Amino acid sequence: MIKLGVNVDHVATVRQARLSIEPDPVRAAVLAELGGADGITIHLREDRRHIQDRDLYLLRDIVKTRLNLEMACNEEIIDIALKVKPDMCTLVPEKREELTTEGGLDVISNFELVKDTVSKLRDEGIEVSIFIDPDEAQLEKAIYTGARFVELHTGAYADAKSENRLKELKRLKLAAKVAKNLGFIVNAGHGLDYYNVIDIVKIKELYELNIGHSIIARSIYVGIKEAVKEMKDLICKHSLEC
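Because the structure is a prediction, the values reported are computed rather than measured. (Residues numbered from 1 in each chain as written. Predicted model: local features only at pLDDT ≥ 70, side-chain atom pairs only at ≥ 80, totals over all residues. Heavy atoms only, no water.)

1. A look at the layout of surface pockets
Phase 1: Size it by volume and the second largest pocket reaches roughly 310 Å³.
Phase 2: Lining the second largest pocket we find 16 residues, and of these V11, P23, D24, S219 and I224 sit closest to its centre.
Phase 3: Taken together, the elements giving at least two residues each to the lining of the second largest pocket come down to α1 (9–17), α2 (25–34) and α10 (213–222).
Phase 4: No other element matches α10, which puts 5 residues into the lining of the second largest pocket. (1 Å grid on protein atoms, 1.4 Å probe; cavity = no way out; pocket = protein on both sides within 12 Å on 5 of 7 lines; lining within 4 Å. Points joined across faces, edges and corners; volume = space filled by probe spheres on them. Helix = DSSP H or I, 4+ residues; strand = E, 2+ residues; numbered from the N terminus.)

Printed below as a string of structure tokens:
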């Protein structure tokens, strides 16, 4: 069955809105694991808009499944990652003015930087994934960075309506096949929710989904543990390999 990584960034977003100590993303991560999460994902941004350094260090000690750190190819963040040693780092693009990550990393235009970052992380035993648009040319370039994983950006699919959504779904299916044939372990994420995830889990090449906003939003009503359990049950129900 496809694994589920739960992103707890938005728990920290609520905390930072009041510069308070609650809600705590570390506590949320524990509850997510109790609900069946196969991993915890956080994004340590350069501007520290939600997740803080303290969160990362505590999560490294507390997470029992797998800690996935989303990060830009930024020297400061690379140094932190090398010190903390999460189980995986997912390289993403980052712009100060964006609300959330808007697209995949342009590996073609930033090849040397990406390759160098992958090398530094993997030399310290950290697995690396590249968050990438479902684009064949980008995938074919990414394989030369040395990363073993890619995470296909599902945002265009999640935002699309009717016929356009079917078009984006086909792009994702093709990209997953291309990535798998290139030798990548294939993940996917961004904008997935309890409805649009149903078609995504039918893509047999996928190994893991990373989902945050919809689970945290659902948790307002039912709690984090139950929200994660509901998503896991949904993945199992519709997955081809469950």
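Moving on from the coordinates now.
2. Here we look at the UniProt feature "site: Transition state stabilizer" (unreviewed entry) in the protein chain
Phase 1: Under the local residue numbering, the UniProt record ascribes the feature "site: Transition state stabilizer" (unreviewed entry) to E151.
Phase 2: Tracing the backbone through its elements, the reader meets E151 in strand β6 (residues 149–153).
Phase 3: Once you skip the residues sitting within four places of it in the chain, E151 turns out to touch T90, S129, I130, F131, I132, N187, A188, G189 and N210. (UniProt positions renumbered as here; feature names shortened; annotations may be inferred. Contact = heavy atoms within 4.5 Å.)

3. Examining empty space enclosed by the protein
Phase 1: Summed over the entire model, instances satisfying the criterion amount to 1 cavity of 30 Å³ or more.
Phase 2: Each pocket or cavity is described by its volume, and for the largest cavity that value is around 30 Å³.
Phase 3: In this structure, the largest cavity is lined by G5, G39, I40, T41, R66, N68, E208 and N210.
Phase 4: A per-element tally of the lining of the largest cavity places strand β2 (residues 39–43) first, with 3 residues.
Phase 5: Classifying every residue of the lining of the largest cavity by side-chain character gives 1 nonpolar, 5 polar and 2 charged. (Nonpolar A, V, L, I, M, F, W, Y, C, P; charged D, E, K, R; others polar.)

4. Some words on a positive patch on the surface
Phase 1: A grouping of K170, K173, K177 and K204 is seen on the molecular surface, where their side chains present a positively charged patch.
Phase 2: The topology assignment puts K177 in helix α8 (residues 162–182). (Patch = residues over 30% accessible without salt bridge, like charges linked within 9 Å, V, L, I, M, F, W, Y side chains within 5 Å. Areas by Shrake-Rupley, 256 points an atom, 1.4 Å probe, with all protein chains shown as cover. Salt bridge = Lys/Arg side-chain N within 4 Å of Asp/Glu carboxyl O. Lys, Arg positive; Asp, Glu negative; His and termini not counted. Charge placed at Lys NZ, Arg CZ, Asp CG, Glu CD.)

5. Concerning α8
Phase 1: Taking 1.5 Å as the rise per residue, α8 with 21 residues should run 30 Å; its terminal C-alpha atoms sit 31 Å apart, in good agreement.
Phase 2: Tucked inside the fold, the buried residues of α8 contact α6 (136–142), β6, α7 (155–159), β7 (185–189) and α9 (197–200).
Phase 3: Remark: G183 follows α8 within two positions and exhibits a positive phi of approximately 110°. (Expected span 1.5 Å × (residues − 1).)

6. What to know about the environment of R27
Phase 1: Note on placement: R27 falls in helix α2.
Phase 2: Taking the C-alpha atoms as reference, R27 lies 32 Å from E205; in sequence the two are 178 residues apart.

7. Here we look at the pairing of strand β3 (residues 67–71)
Phase 1: Across the 5 residues of β3, 5 count as buried, placing the element largely inside the fold.
Phase 2: Here β3 shows a buried face lined by L67, L69 and M71 and a second buried face lined by N68 and E70.
Phase 3: As paired elements, β2 and β3 share 4 bridges and run parallel to each other. Opposite T41, over in β3, you have N68 as the bridge partner.
Phase 4: Handedness of the crossover joining β2 and β3 through helix α3 (residues 53–62): right-handed.
Phase 5: Pairing geometry for β3 and strand β4 (residues 88–91), over 4 bridges, is parallel. Bridged to E70 within β4 is T90.
Phase 6: Tracing the backbone out of β3, into helix α4 (residues 75–84) and back to the parallel element β4 gives a crossover that is right-handed. (Buried < 20%, exposed > 50% of the residue type's maximum accessible area, 1.4 Å probe, protein only. Pairing = 2+ DSSP bridges. Right-handed = clockwise from strand over helix to strand, strands pointing away.)

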